Amino acid sequence: ALRRTLYYARSAARIAWGVRAPGAALVRLLRPKGFGTVQLRRSGAAFSVRGAMDLWSVKETWLDRFYERYGFPVQLGWTVIDVGAGIGDFTMWAATHGAARIDAYEPDAEAAAIFLANLRSNQIEGATLLMEAFAARAGFGQLDPHESEPLMRGVRSEGTDASGIPCVTLEQALDRLPDGRCDLLKLDCEGGEFEILLGASRATLQRVSRIVLEYHDHLTSHRHPELVRHLRDSGYRVETFSNPAHAYLGYLRAERRG
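What you see is a predicted model, and the numbers here were worked out from it, not measured in a lab.

Quick notes on the rules
Residues numbered from 1 in each chain as written. Predicted model: local features only at pLDDT ≥ 70, side-chain atom pairs only at ≥ 80, totals over all residues. Heavy atoms only, no water. Helix = DSSP H or I, 4+ residues; strand = E, 2+ residues; numbered from the N terminus. Rg over C-alpha atoms; globule rule 2.2 N^0.38 Å. Buried < 20%, exposed > 50% of the residue type's maximum accessible area, 1.4 Å probe, protein only. Areas by Shrake-Rupley, 256 points an atom, 1.4 Å probe, with all protein chains shown as cover. Lys, Arg positive; Asp, Glu negative; His and termini not counted. Charge placed at Lys NZ, Arg CZ, Asp CG, Glu CD. Pairing = 2+ DSSP bridges. Axes fitted to C-alpha atoms, helices over the stretch in contact; angles between N-to-C directions. Parallel < 35°, antiparallel > 145°, perpendicular 65-115°, else oblique. Left-handed = near helix turned anticlockwise from the far one by under 90°. Contact = heavy atoms within 4.5 Å. Nonpolar A, V, L, I, M, F, W, Y, C, P; charged D, E, K, R; others polar. Salt bridge = Lys/Arg side-chain N within 4 Å of Asp/Glu carboxyl O.

**Topic: the overall build of the chain**
Along the chain, the regular secondary structure elements total ten helices and 13 strands. Over its C-alpha atoms the chain spans a radius of gyration of 18 Å, differing by no more than 12% from the 18 Å that the globule rule assigns to 258 residues. Here the C-alpha coordinates of the chain stretch approximately 50 × 40 × 35 Å along the principal axes. Burial status across the chain gives 53% buried among its 258 residues. Of the roughly 12000 Å² that the chain leaves accessible, carbon and sulfur atoms contribute 51%. Each charge class in the chain was averaged separately, 32 positive and 31 negative side chains, and the resulting centres sit 7 Å apart.

**Focus: the pairing of strand 13 (residues 249-256)**
Here strand 13 lies mainly inside the structure; seven of its eight residues are buried. As judged from the seven bridges shared by strand 11 (residues 210-216) and strand 13, these two strands associate in the antiparallel manner. Directly across from E214, in strand 13, lies its bridge partner Y251. Here seven bridges tie strand 12 (residues 236-242) to strand 13, and the two strands are oriented antiparallel to one another. Residue pairing in the sheet places V238 in a bridge with A254 of strand 13.

**Regarding the packing of helix 3 (residues 52-63) against helix 5 (residues 89-96)**
Relative to each other, helix 3 and helix 5 sit at 20 degrees, their axes nearing to 9 Å. By the angle class used here, helix 3 and helix 5 are roughly parallel. In the crossing of helix 3 with helix 5, the sense of the turn from one axis to the other is right-handed. Here S57, V58, T61 and W62 of helix 3 come into contact with helix 5, specifically with D89, F90, M92, W93 and T96. Of the residues assigned to the contact of helix 3 with helix 5, the class counts are five nonpolar, three polar and one charged.

**Thoughts on the packing of helix 2 (residues 22-29) against helix 3**
Two elements in contact, helix 2 and helix 3, have axes whose closest approach is 8 Å; the angle formed by their N-to-C orientations is 120 degrees. As summarised for this structure, helix 2 and helix 3 are arranged oblique, according to the angle between their axes. Residue-level contacts link A25, R28 and L29 of helix 2 to A52, L55 and W56 of helix 3.

**Focus on the sheet that holds strand 13**
The strand order across the open sheet formed by seven strands is 5-4-3-10-11-13-12, and the pairing between neighbours is mixed. Across the chains shown, the open sheet's two edge strands, defined by having one partner strand only, are strand 5 (127-130) and strand 12. Each adjacent strand pair in this sheet contributes to an overall mean axis angle of 15 degrees, direction not counted. Bridge count for strand 3 (residues 79-83) against strand 10 (residues 184-187) is four bridges, and the pairing is parallel. Opposite D82, over in strand 10, you have K186 as the bridge partner. Strands strand 3, strand 4 (101-105), strand 5 and strand 10 of the sheet are contacted by helix 5, whose axis makes an angle of about 175 degrees with strand 4.

**Details of the pattern of salt bridges**
If you walk through the whole model with that rule in mind, you get 13 salt bridges. Ionic pairing is found between E68 and R65, a salt bridge with its closest N-O pair at 2.8 Å. For R65, a relative accessible area of 35% puts it in the partly exposed group. The shortest N-O distance in the salt bridge between R101 and D103 comes to 3.0 Å. Residue D103 is classed as buried on the basis of its relative accessible area of 2%. The network of salt bridges with common partners includes R50, D54, D108 and E110.

Quick look at the structure:
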């Protein structure tokens, strides 16, 4: 409990130091909901947010630099797939650090609208939003609105019922890229990382050079050691990092050997 309290206190201080108008940002951090704009002090990047969760995502991506610390620095010319793109914080990070193409997947309509607004206001190019979810099989699913972060439930096969959110597989997403390969796959999809990666074949994973993700051990029957084994068996070097505040969350990075 003490460790968690200290982490949140340090995080609040980081937000106060890292944004313009820190008082308004800290008030927003205490509110689960509430639309507003946050501008970062150093980079000048500005984000429309819907409340504490969006502000926290911006903090982790831009101030804590979690996807760089626990993943990989984005390199000039990379092709990136952003799964669970949310309001666009990681897509914007990748675009401003040299990525040439970013395919961003976000099935939630409200988040997708803010994603587009954030990219327009920051003049981000090279990114495409696809309002689709990732799953182990193609089809259609439903977002559960009762969760703090909407979760995909009950994917039905293609052709059975065209209602709901369209779902694509990692293989299908890779097939959309010019050379069928991805330099970096980022996933933050509230437990969906297990279905997506455990359902991907070795041949599909061979087309992905690097993976960075947040794992969620509390939302499905799967746990992150399964991902570690599967990715190592598929030819990756894998490292994991625990979340500073919650034992059921953490980060994983994987890079293809050779």
